[in-house]
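Here's the letter readout for the chains.
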Amino acid sequence: MACEWPAAPGATEERLHLRSVAERLLEDTEYPPYVDMQSLPVAGLGQFEETETHEMVYPTEILPQNVAPVLVIDLDETVWPHVPHLVEAVSEASGVPVTMEEFRRWGHTRKIPQWADQPEVMAIHDQIQRGEHPIFFPFVNIAYPEARRTIAAAVRMGHQYCFLTARPPSLFDVTIQILEKNGVPHDHNTGLVDALTHPIPHQGQLYCTDGALDGVDAYKRQTVGAWLGALRENGWEGQMVVVDDLLKPFQDLVESGQVVGVALSGPLNEHKEPYAHEHRVPSWYSIGDLLGQVHSLAVSLDPSPVRRFDCGQGRVLEIDKFVVGTGAFTLDTIPADAYRFVPDYS
C-alpha cells in the first residue's frame, strides 16, 4: 500500500498546504478504540499494556550493542516529499515557473538558471526553504505517516538510528523544527555536529552535510564508510541500513553487501536503474517489512536464550526465545510460563 499525499485543491494559493492547515494536520492525533493489550504484537511493533493513567506503554527490545542494527536515514524525498513541492512553491511565489523536467536537468534548485540568475527569486526560494514565507508552509514538507511510525517502531525494536541529510548546516535549526512538527523521533538535546567528528553515529542525531553542493556525495560516502569501519573494529556484527532516495554515494558499499541499501521510489530516481543488491521500494510499508527481517537477524545473532524488553517503570519482560522465535509475537499466543517480568537493575 503506497502512502498517499493529500489531493491539492485547484486554487493557486491553496495548491500547497498553508501554514495553518499543515500545522493542524500535524497536530491531529488518532486514538484507537480500546483493544486487548495482550493481543497486540510485541517486539517493538505495537503497544503492550495500559498504565493506571491510561497511557500506552511501548516495550523496547534490549538488543546487545554488538548486534543492534544501525539505520542511516535521509530526509528529503525519503521521510517527506520535498523537491516537487519546493519547485511548485517557488514557481508560484516568484512568478517564474519551473517544471520538474527542468529541475532534473540541473539537479538542484539552486542551479536552475532562471532562478539562480535572479537574486529576488532566490530570496523567495530561501524564504520558503527556511520556513519564513508568509503563505507557504515551512519546507512544504509533511512526513509520510508510515515513515514516522516505522522509525518509531525501529526505535522500539532496539535499533540505532540517525539522519544524514544533504541539507547544509545553515538549515539545521529549521530542520529540527520540521522533525518536531512531524513527530518524527530524533534527539532533542544535541546541536549541530560535523558527522565526521563522531566515530560512530549517535542515537537520533541529525547530521547535515558539511560541504558544497558538488561535495555532498563524497561527504556522505566518507561519513558512512568511517562509521562502518569504526563499528567493525569494535566487534560490531550487525547490519547497517542506509535509507535514501539516491544511493549513488554508497554504490560500492551497497553492491559489495557492506550495507543494506534501501531507496524509496520517487521523482528523483524514477529514471535511474537500481544498483546491484539495492532494495528499490514503493513505500515505507515495504521498508517496515525489510526492517523486520533485519531485526530477526539481529535477534538470531544474540546467543542469549531469552529476549528482553524494557517495559518502563523499572520492569523488564523476559521471554523464552525458543518459544517466540526472532520475530513479532503476542503474549496471548504463548504459554504463561514462557515469559516473566523482572526488575530492571540497569
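Anyway, here's the lowdown on the structure attached to this text. Within any chain, residue numbers begin from 1 and follow the written order of that chain's sequence. Reporting in this predicted model follows two pLDDT cut-offs: at least 70 for local features of residues, and 80 or more for side-chain atom pairs to be given and counted; totals over whole chains, interfaces and linings ignore these cut-offs and use all residues. Heavy atoms from the whole structure form the basis of all side-chain values; hydrogens and water molecules are not counted.

## Observations regarding the packing of helix α6 (residues 145-156) against helix α10 (residues 284-301)
Relative orientation and spacing of two packed helices are given, respectively, by the angle between their axes and the distance between those axes. What counts is decided by this rule: Note on method: axes are straight lines fitted to C-alpha atoms, helices fitted across the in-contact stretch only, with angles between N-to-C directions ranging 0 to 180 degrees. Secondary structure is summarised from DSSP: a helix means a run of H or I of at least four residues, a strand means a run of E of at least two, and numbering begins at the N terminus for each. Our angle categories are set so that under 35 degrees counts as roughly parallel, over 145 as roughly antiparallel, 65 to 115 as roughly perpendicular, and the remainder as oblique. Two helices cross in a left-handed way if the nearer one is turned anticlockwise from the farther one by less than a right angle. They cross in a right-handed way if the turn is clockwise. For this analysis, residues touch if any pair of their heavy atoms sits within 4.5 Å.
Interhelical geometry of α6 versus α10 gives an angle of 15° and a closest axis separation of 9 Å. By the criterion of interaxial angle, the relationship of α6 to α10 is roughly parallel. For α6 against α10, the interelement crossing comes out left-handed. Along its contact with α6, which presents E146, A147, T150, I151 and A154, the element α10 presents W284, Y285, G288 and L291.

## Let's talk about the packing of helix α2 (residues 83-94) against helix α5 (residues 119-129)
Between α2 and α5, whose axes approach to 10 Å, the crossing angle comes to 130°. The angle between α2 and α5 falls in the class oblique. Every pair of crossing elements has a handedness; the one defined by α2 and α5 is right-handed. Residue-level contacts link L86, A89, V90, A93 and S94 of α2 to V121, I124, H125, I128 and Q129 of α5.

## Some words on the packing of aromatic side chains
Stated precisely, the cut-off is as follows: The rule is short: rings of Phe, Tyr and Trp, with Trp giving its six-membered ring, pair when the centres are within 6.5 Å, and they are stacked under 30 degrees, edge-to-face over 60, tilted in between. Exposure classes here rest on a 1.4 Å probe applied to the protein chains alone. A residue is buried below 20% of its type maximum, exposed above 50%, and partly exposed in between. For a Lys NZ or an Arg CZ to count as sitting over a ring, it must be within 6 Å of the ring centre and within 35 degrees of the ring normal.
Summed over the entire model, instances satisfying the criterion amount to three aromatic pairs. On the numbers, 5.9 Å between centres and 75° between planes, the contact of F309 with F329 is edge-to-face. Taken together, the positions of F309 in strand β10 (residues 306-312) and F329 in the loop between α11 (321-324) and β12 (339-343) put the pair 20 residues apart, joining distant regions of the chain. A relative accessible area of 7% means that F329 is categorised as buried. Above the ring of F341, the side-chain terminus of R315 is found at 4.7 Å from the ring centroid.

## Thoughts on unusual backbone geometry
In the Ramachandran plot, E77 falls in the positive-phi region, its phi being about 65° despite a non-glycine side chain. Examined against the element boundaries, E77 turns out to sit in the loop between β4 (70-73) and α2. Residue classification places E77 among the buried positions, given a relative accessible area of 6%. Backbone geometry at Q313 places phi at a positive 55°, although glycine is not the residue there. If you trace the backbone, Q313 turns up in the loop between β10 and β11 (315-320). On the basis of relative accessibility, which here comes to 63%, the residue Q313 falls in the exposed class.

## Regarding the environment of E180
Following the sequence through the fold, E180 ends up in helix α7 (residues 172-182). Apart from residues no more than four positions distant in its own chain, E180 is found in contact with H186 and H188.

## Brief notes about the nonpolar core
Rules: Put simply, buried Ala, Val, Leu, Ile, Met, Phe, Trp, Tyr and Cys residues joined by side-chain atoms within 4.5 Å make one nonpolar core.
Among the nonpolar cores identified, the biggest contains 31 residues, and V79, F163 and W284 are the most heavily contacted of them. Those elements that place two or more of their residues in this core are β4, α6, β5 (160-165), α7, β6 (206-208), β7 (240-244), β8 (260-264) and α10. Among the elements that make up this core, the one with the highest residue count is α10 (five residues). Not counting chain neighbours up to four residues away, the residues in contact with V79 comprise I73, D74, A143, Y144, A147, I151, F163, V184 and W284. Counting residues in hydrophobic clusters, the runner-up holds 20 residues, among them W227, L228, L231 and L253.

## Considering α5
Heads up, the condition is: Taking the helix axis as origin, the arc is that swept by the directions to the C-beta atoms.
Taken as a whole, α5 has its buried residues at V121, M122, H125, D126, I128 and Q129. Buried residues of α5, viewed axially, fall in a sector of 160°; they line one side. Looking at the buried residues of α5, the elements they touch are α2, α4 (113-116) and α7. Looking one or two residues past α5, G131 carries a phi angle of roughly 75°, positive in sign.

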